[in-house]
Each structure stands twice: as C-alpha cells, then as structure tokens.
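Here are the chains, one letter per residue:
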Amino acid sequence: MNTRDRYAPSPTGLQHIGGIRTALFNYLFARSQGGTFILRLEDTDRTRFDHNFVQNLYDTFAWLGIKWDEGPDVGGTAAPYIQSERTALYKKYAEDLVSRGQGYYCFCSAERIEKVRQEREAAQSGGSHETGYDRHCRDIPAAEAAKRAASGEAHTIRLKIPLGEVTRFQDQLLGEIEWKNDDVNPDPVLLKTDGFPTYHLANIVDDHLMEISHVLRAQEWLSSTPLHVIMYKSFGWPPPQFCHLPMVMGHDGKKLSKRHGATSIDEFRRQGYLPEALINYVAMLGASYEEGKDIYTLGELEERFSLDKLNKAPAIFDYKKLEWYNGQYIRMKSDEELTALCLPYAISAGLFGKAGGANSGSPAEPGSPAEPSTEQRAVFTAAMPLIRERLTFLYEAPEKIAYLFSEPALPAAEEFIPKKADLAQTVALLRLGQTLVQPLAEAANDEQAEIFIKEQAEKNAVKLGDLMMPLRVAITGSRVSPPLFGSLRILGVQCSKERVNKALAYLEQK
Ligand code: GLU
Ligand code: ZN
C-alpha cells in the first residue's frame, strides 16, 4: 500500500512550532517511504476562520521550503482539499450512517443540550461519571425520526456508539490503546444543524476518501482516536495507522506557549532565524537520530526519518539550542548568500543612510532608509567573513559592521589604553600603529598581516596586544570588534589613516 499522510491544519491561528512539527514529520515520513504528503485545510469552524491564517500557512511553508504533493494550491486526485468545499460529501456520508442505523437524528434544542451538560457536570461532585449528551434521541423510532427530519424540523446527526464494547487500536508509538465505548464522548454530533460537519466527521471522511494510510498527529488528539476508530467501523472502512507524536513542552514541562517565548513561525522569522535552522531543530523535537550528530540537511532527514526514531517522552523546546542551530547555519552561508540575507536588516537599520541624503546610493523616497550603492554592497559582502562566526541572528549584522559605513564616534580615552599602560604610552603605541596602517591594509591576507605586525611588535619591544588595542579602537571605535586586519583591508589605506590621525589628535589633547 502506498504511504499517504497529511497535514490537516484548521486555519484558526498563525502557524506555530507544534503545527510545523506535525507537518514536518508527516512530510519526512512520506518522503522516507516514497509516499505522498498532502495538505488539507480543515476550515469547517467558520466562526474562527480567518483568511489571513490561510495566507500565513502558505507563506510559512514557502519560507521553510516544505512542499506538499497534493493540496489546495497544487491540486491532486482527491481534490478539493479544502473542507468547506466538500460539505455536500459529509452530509451524504452522515445520512448514510443514519440509514444504516449507525447514526441518528437528534432534535434536541441547544438549550436542552446545555441544560443536560450542566446537570451532568453538577452530578459529578456526587460521584457520577456521566458527561455530555444523554442520548435522548437515540431511541426515537427510525421512521418517526425520518419523518420529523423530512418535515424540516431542526436536527443534528449523531453517531450511535455501540455500547458495551471495547475499542482497541495500535498506536505506532504508544502501543495498544483500548477504550470502553461507554466512556467515549456519548454519541457526538457529526453533522450540525446548519448542515456543516464537525471536525470528527470531516476528518474521518476525508482521511478515508483521500486514502490516508498514516495519521501522524500531536498527542493532544489521542483522546479523539477511539471515537475515530469507532467511526471507521461504523462506516465499514479500514482505519489508517495512527501515530501520536510526543507533545512539545517549554522548559518548565508545560505545553509550549507564548509564556516561554516566540511560538509563531512569523516571529522566529522576524527575529532573524534561518528556515534551515528551524527545520533542523524542529525535526529533532521528539525524535533521536545518530548519537553526536546534530546537523542534518532536509535531504538527510528525508532519508533517515522513521517512526522507530520517535520518543515517547515529551520534547522540551530549548530556545538556546535553536539559537545554536541558527549560528551553525549562518556559518554555512557563502558571503553572497549571507549578504542577501542580512541586507534587508541593514537597510532598515539605516546602515546606508537615508534616501536622498549625502550617504545615499538609492533614489527611494527622501527620508526612508536607503538601499546600498554598488560600492556599499561590495563592502558589505567583503565584511561577511569578518562577522560570520560572530552572528547568532541575521539582524545583528548591521550593528557589528556599522563602523565600515560611517566613522564611529570616538570613545572615552580610557578605551584606547591597554592594561598596565598609561595615556602617554598609548599615544606612542598608536603612533607606531599609524606607521603600520599601510602595510597592514595592503597585506594580501590575515596571515601576512599577522606575521608583519608580530615582527614589528618584537622589533619595537612592545606586546602585540598592546600594539593592536589602540589601533583597533581608532579603526572600529570599540575594544570588542570584528577582526582588525580585515577591517583595515576593507576601509583601505586612506580612510584607515584618517581614523588613526583623528584618534591621535584626540588623545594628544588629553
Ligand atoms: N484540524 C486538526 C488540527 O487542527 C487536525 C487534527 C488531525 O490531524 O486529525 O490539528
Ligand atoms: Zn437529542
């Protein structure tokens, strides 16, 4: 049998970590089996539906680079893949259950249902275990019920759960699960008064018609599964294989939520996470691959994924680990790729000045952040090797290399002074540094620059660190900066000399 699985989100919120974990595992499982991954929109809850959430779903997966083989946007043999376009089908199947005596019409008003629910809830304190509906309409003779329904009396369709039986199924991860039918949600509504299906009906009908072989979904759905298995039996359909994925928790062991940090993918994206980092980390949530290997490409995951790599224990979402992944993936980017990724942050941070301003290379509206000129872009790309190892997030790039685009403010004189030195010694060190600017800026690479400056330090009997410190501060405006030699090469001899001269004049006045 072909493996067919699906991601079946309800567009009632933004895509979040839990959702993309489910999607990713289904995607990987289908790929690992040479199967088919399907997207189905479960949009029957019209009160909570919002078109923006559908857009967010498409945007998120386009950004992640995860594609489905069948779905609303790409079509497929089981189309349509949007439940609100399939309502006639659900009604037909619900009616079919009624005619076969596996379902029944319920004519109870919403008020009555609510009253029963409340009474049963109150009775629980007295030891009763009964909840929900009281199966009031279950025994109305079929002919009478059919007549009432045909005459237009408002009704829902409920599942007639066979009582006194036990329902069993094999969860691929959790093993055999059994449930007494009498304890399952009593005769739940399948079709609502307005003719819309409930989640349970639409989900089962679609999984059947779309020939879904495996249902991989979050463990919070586990309690619905006995009901689903009963429904398959009532319809006379073979159920799919079920696999309930471990929950994703925050560090405190509670279900991951906004209290723990970002959860919507939009938010991670805005914060400067790379899709590869997110995919790699999320793929590890609740699964174990090779000991000691953390980095996996999507291709490697597609090959390696299998249900026996899943953990039963909940997965703890570790924001620090995700940050680590992000840094790792940033390091794998070429200068050009990293430029393309960081430039939008640099532009909006105003690194290239304002449009229409003196520093501007772009014809955009005056006052808005400028695009880089050709030279600025080249400088930006040249600066990528300087910061690649120092980035955890893309947005950190502009701040780290701002000194390459505009002269940094001179910091307090103390900043220039190496440990155990005084101002006069610092001035002397910087004067020596000044004579080295040209050869350093013109050195072919870091190694040559380093050999040269070491020689000079030795020749002049000064410590290498003491020689470099004031020079670094003069060039970058800070004691902590990207590498000095690379900075000198990018800024060039003239600009570098000007900065050193200015710093010298400033220190000499002190
Ligand atoms: N529409 C459900 C959800 O939002 C689908 C659950 C399932 O996979 O059966 O998660
Ligand atoms: Zn009823």
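Conventions we followed
- Residues numbered from 1 in each chain as written.
- Chains lettered and ligands numbered in written order.
- Predicted model: local features only at pLDDT ≥ 70, side-chain atom pairs only at ≥ 80, totals over all residues.
- Heavy atoms only, no water.
- Donors = N, O, S within 2.8 Å, 3.2 Å for Na, K, Ca; no water.
- Tetrahedral: all angles 85-135°; square planar, octahedral: opposite > 155°, others 65-115°.
- Helix = DSSP H or I, 4+ residues; strand = E, 2+ residues; numbered from the N terminus.
- Buried < 20%, exposed > 50% of the residue type's maximum accessible area, 1.4 Å probe, protein only.
- Near = heavy atom within 4 Å.
- Polar contact = N/O pair within 3.5 Å; in protein donor to acceptor, adjacent residues only side chain to side chain.
- Areas by Shrake-Rupley, 256 points an atom, 1.4 Å probe, with all protein chains shown as cover.
- 1 Å grid on protein atoms, 1.4 Å probe; cavity = no way out; pocket = protein on both sides within 12 Å on 5 of 7 lines; lining within 4 Å.
- Sits in = over half its atoms within 2 Å of the grid points.
- Nonpolar A, V, L, I, M, F, W, Y, C, P; charged D, E, K, R; others polar.
- Phe/Tyr/Trp six-rings, centres within 6.5 Å; stacked < 30°, edge-to-face > 60°.
- Lys NZ or Arg CZ within 6 Å of the ring centre and 35° of its normal.
- Points joined across faces, edges and corners; volume = space filled by probe spheres on them.

A. Representation of the coordination of the zinc ion (ligand 2). The coordination sphere of the zinc ion (ligand 2), as far as protein atoms go, consists of Cys106 (SG), Cys108 (SG), Tyr133 (OH) and Cys137 (SG), spread over 2.1 to 2.3 Å. One can describe the donor arrangement at the zinc ion (ligand 2) as tetrahedral, given that its four donor atoms subtend angles of 97 to 120 degrees at the metal. Counting the intervening residues between successive donors of the zinc ion (ligand 2) yields the motif C-x1-C-x24-Y-x3-C. Remark: tyrosine 133 occurs in the loop between α4 (110-124) and α5 (142-150) and cysteine 108 occurs in the loop between β3 (103-106) and α4; sequence separation between them is 25 residues. Residue classification places cysteine 108 among the buried positions, given a relative accessible area of 16%. On the accessibility criterion, tyrosine 133 (4% relative accessible area) is buried.

B. Geometry of the site of ligand 1. Neighbouring ligand 1 are Arg6, Ala8, Ser10, Glu42, Tyr199, Asn203, Arg217 and Trp221. A distance of 2.9 Å separates a nitrogen atom of ligand 1 from a polar atom in the side chain of serine 10. Relative to its unbound accessible surface of 290 Å², ligand 1 loses 83% to contact with the protein. If you map ligand 1 onto the pockets, it falls in the largest pocket. Among the residues making up the shell around ligand 1, the classes are represented as three nonpolar, two polar and three charged.

C. Expanded view of the packing of aromatic side chains. Under the defined criterion, the tally for this structure stands at 26 aromatic pairs. Judged by centre distance (5.0 Å) and plane angle (85 degrees), the rings of tyrosine 273 and phenylalanine 393 are edge-to-face. Taken together, the residues span a long stretch of sequence, with tyrosine 273 in the loop between α8 (265-270) and α9 (275-283) and phenylalanine 393 in the loop between α13 (374-387) and α14 (397-401) at a distance of 120 residues. Exposure class is identical for tyrosine 273 and phenylalanine 393. Each is buried. Taken together, a centroid distance of 5.5 Å and an interplanar angle of 10 degrees make the contact between phenylalanine 393 and tyrosine 395 stacked. Residue tyrosine 395 is classed as partly exposed on the basis of its relative accessible area of 40%. By way of ring pairs, the aromatic residues Phe268, Tyr273, Tyr281, Phe317, Tyr319, Trp324, Tyr325, Phe393 and Tyr395 are connected into one cluster. Positioned above the aromatic ring of phenylalanine 25 is the side chain of arginine 21, whose terminal nitrogen or guanidinium carbon lies 5.3 Å from the ring centre. Looking at lysine 321, its charged tip hangs above the ring of tryptophan 324, at a distance of 4.9 Å from the centre.

D. How the structure looks around empty space enclosed by the protein. One pass over the full model with this rule turns up two cavities of 30 Å³ or more. Approximately 60 Å³ is the volume found for the largest cavity. In terms of lining, the largest cavity is formed by Glu407, Pro408, Ala409, Leu410, Pro411, Val473, Ala474, Gly477, Arg499, Lys502 and Ala503. Secondary structure elements with two or more residues in the lining of the largest cavity: α17 (464-476) and α18 (484-508). Of the residues assigned to the lining of the largest cavity, the class counts are seven nonpolar, one polar and three charged. Space inside the second largest cavity adds up to approximately 40 Å³. In terms of lining, the second largest cavity is formed by Ile20, Arg21, Leu24, Phe61, Leu64, Ile66, Ile279 and Val282. Those elements that provide at least two residues to the lining of the second largest cavity are α1 (17-32), α2 (51-64) and α9. Top element by residues in the lining of the second largest cavity is α1. It accounts for three residues.

Function cannot be inferred from these measures alone, as they are strictly geometric.
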